[in-house]
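Tertiary structure, described
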Amino acid sequence: MTVAAEAALVVRAHRAYERGRLRSALWRAAAAVAVTALALIGCPSPDGPAACAATLGLVLIACLWRGSVWARGARLGFLAGLVPCLLPAAVRAAHACNGNTCLTPPAVCLTAGVVAGLLLGWLGLRIAGDGRFWLAAAVAALLAGAIGCLAAGLAGLVGMALGILAGAAAPVLVSRAA
Amino acid sequence: MERVEREELQRHLKQLADGDREAFHPVFVRLWPLLRGFAAHCLPWQDAEDAAQEALLRVFSRAAEFDRERDALSWALGIAAYEIRSARKRRQRRRENPPDSLAGRPGVERSPEDAAVAGDLEQTLHAALAALQPGDSATLLAYARGERPDLPGPTFRKRVERALGRLRGAWRLSHDRRR
């Protein structure tokens, strides 16, 4: 094989690798978005949460394709974000919706946010990621949480965000103090 | 492959699966000769190169799905073995389909230029054969047809060698004259 042919093979192999990563990221992101879609069941105004789910899908595709710390952060953020994503839907399912209004109490979102934040802080410290890791994790967690808490209005959304922040800060502060 | 090289491949493939592009070149450098050798061992050379390339591209295409717990070398060779099996099946199918089925395809027929060159060579060969002694021509024709005259093997081989030597000489003469 000539040098030129081998160089062409390197280029083809590189393209195959990137295509493979993108394909893998697409499948995983699609599965993740399908799980979050459970939160849309019974939601009277699913447009906002659906937009959040679509954005989450794009963020996951980008992070999983890029790999390394971005992928680890996005994976952890998504897992933590499932709590505020699905818990309000579970509460809503337990207490049937009243007519067209299907508001989730902001307290549920705040609690779910704290749990998600604790998970994020505790597991994130074990992975010991850098700024990119935390950025990917925070964006994925907030977007996943927003899918569930957007139906609770601005109070639910802010409650969830504050909960995640407080929950994540606690393990970090404890570890620094120790 | 030695144990150290195998461990290196394992480490680099793990990094590649994790998305570390820096590991691409080390994996390529280690895998390409390995897969080429493996394919060459299992296939005729015409198909080995293609199968090795396909296997390499498949390995990189699936690198993101590589299970970190698995042995990298076994995993890559498993993919290569599948590609080699596919290449063998393709080869088998080519054998089953006679060349007539290719007649209608573009590019299979000789171009006018190729036909002219082939005709010219054929004429030169005929001229060179005609210039030989009848015994040499008969020996070469028998050899070309795969026939064996009633002679001991070594004697026939020597006659063929001598006839081929004379044919080369006659060929050079008639070919140079045509130029």
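Residues numbered from 1 in each chain as written. Chains lettered and ligands numbered in written order. Predicted model: local features only at pLDDT ≥ 70, side-chain atom pairs only at ≥ 80, totals over all residues. Heavy atoms only, no water.

1. Overview of the overall build of chain A
Within chain A, the regular secondary structure consists of 6 helices and 0 strands. Helices (α) and strands (β) of chain A occur, in sequence order from the N terminus, as α-α-α-α-α-α. Taken across its 178 residues, chain A has 42% of its residues classed as buried. In chain A, 78% of the contacts between residues at least 6 apart in sequence involve partners at least 24 apart. Only carbon and sulfur atoms are counted for the fraction: they give 73% of the accessible area of chain A, which is about 8800 Å². (Helix = DSSP H or I, 4+ residues; strand = E, 2+ residues; numbered from the N terminus. Buried < 20%, exposed > 50% of the residue type's maximum accessible area, 1.4 Å probe, protein only. Contact = heavy atoms within 4.5 Å. Areas by Shrake-Rupley, 256 points an atom, 1.4 Å probe, with all protein chains shown as cover.)

2. Some thoughts on the packing of aromatic side chains
For the structure shown, the criterion picks out 6 aromatic pairs over all chains. Consider the rings of Phe 133 of chain A and Trp 134 of chain A, whose centres lie 5.2 Å apart with planes at 85°: the pair is edge-to-face. Between Phe 66 of chain B and Trp 75 of chain B, the aromatic rings sit 5.0 Å apart at their centres with planes inclined by 55°, giving tilted as the arrangement. In this pair, the class of Phe 66 of chain B matches that of Trp 75 of chain B, namely buried. Put simply, the rings of Tyr 17 of chain A together with Phe 24, Phe 28 and Phe 60 of chain B touch in pairs and so form one group of aromatic residues. It is Arg 126 of chain A that lies over the ring of Trp 122 of chain A; its NZ or CZ is 5.3 Å from the centre. (Phe/Tyr/Trp six-rings, centres within 6.5 Å; stacked < 30°, edge-to-face > 60°. Lys NZ or Arg CZ within 6 Å of the ring centre and 35° of its normal.)

3. Considerations on the interface of chain A and chain B
Taken residue by residue, the interface counts 20 residues in chain A and 20 residues in chain B. Buried surface at the junction of chain A and chain B, summed over both partners, amounts to about 1800 Å²; 54% is from carbon and sulfur atoms. The interface formed by chain A and chain B includes 2 salt bridges. Here Arg 21 of chain B ties to Glu 18 of chain A by a salt bridge, and the two come within 2.9 Å at their closest N and O atoms. At the boundary of chain A with chain B, the tally comes to 10 residue pairs in polar contact (both at pLDDT 80 or more). Secondary-structure elements contributing two or more residues to the side of chain A that touches chain B are helix 1 (3-36), helix 2 (47-66) and helix 3 (68-94) of chain A. Ranked by the residues each element gives to the side of chain A that touches chain B, the list is headed by helix 1 of chain A, at 14 residues. For the side of chain A that touches chain B, a count of residues per class yields 7 nonpolar, 5 polar and 8 charged. (Buried area = accessible area lost by both parts, 1.4 Å probe. Salt bridge = Lys/Arg side-chain N within 4 Å of Asp/Glu carboxyl O. Polar contact = N/O pair within 3.5 Å; in protein donor to acceptor, adjacent residues only side chain to side chain. Nonpolar A, V, L, I, M, F, W, Y, C, P; charged D, E, K, R; others polar.)

4. A short note on the packing of helix 1 of chain A against helix 3 (residues 45-61) of chain B
Helix-helix packing is described using two parameters, namely the angle between the two axes and the distance between the axes. Contact geometry for helix 1 of chain A and helix 3 of chain B: axes closest at 7 Å, N-to-C directions at 35°. The chirality of how helix 1 of chain A crosses helix 3 of chain B is right-handed. Contact with helix 1 of chain A, carried on its side by Leu 9, Arg 12, Ala 13, Ala 16, Tyr 17, Gly 20 and Arg 23 of chain A, involves Gln 53, Glu 54, Leu 56, Leu 57, Phe 60 and Ser 61 of chain B of helix 3 of chain B and no other residues of that element. Split into classes, the residues belonging to the contact of helix 1 of chain A with helix 3 of chain B amount to 7 nonpolar, 3 polar and 3 charged. (Axes fitted to C-alpha atoms, helices over the stretch in contact; angles between N-to-C directions. Left-handed = near helix turned anticlockwise from the far one by under 90°.)

5. A few points about the nonpolar core
By size, the foremost hydrophobic cluster in this structure holds 35 residues, and its most contacted members are Leu 16, Phe 28, Leu 56 and Phe 60 of chain B. Only helix 1 of chain A together with helix 1 (3-18), helix 2 (24-42), helix 3 and helix 4 (72-96) of chain B provide two or more residues apiece to this core. Residues within four places of Phe 60 of chain B in sequence aside, it is in contact with Ala 13, Ala 16 and Tyr 17 of chain A together with Leu 16, Phe 24, Val 27 and Phe 28 of chain B. Judged by nonpolar contacts, the second largest core, of 34 residues, contains Ala 29, Ala 32, Leu 76 and Ala 89 of chain A. (Core = buried A, V, L, I, M, F, W, Y, C linked by side-chain atoms within 4.5 Å.)

6. Things to note about helix 2 of chain A
Residues and elements named next belong to chain A. Taking 1.5 Å per residue as the helical rise, helix 2 with its 20 residues ought to reach 28 Å, and the 29 Å between its terminal C-alpha atoms agrees with that figure. Along helix 2, the positions that sit buried rather than exposed are Pro 49, Cys 52, Ala 53, Leu 56, Gly 57, Val 59, Leu 60, Ile 61, Cys 63 and Leu 64. Buried-residue contacts for helix 2 involve helix 1, helix 3 and helix 5 (131-149). (Expected span 1.5 Å × (residues − 1).)

7. Some points on the side chain of Glu 83 of chain B
All names here are of chain B. Note on placement: Glu 83 falls in helix 4. Residue Glu 83 is classed as buried on the basis of its relative accessible area, which comes to 5%. Look past the residues within four positions of Glu 83 in its chain and what remains in contact with it is Ala 51, Glu 54, Ala 55 and Arg 58.

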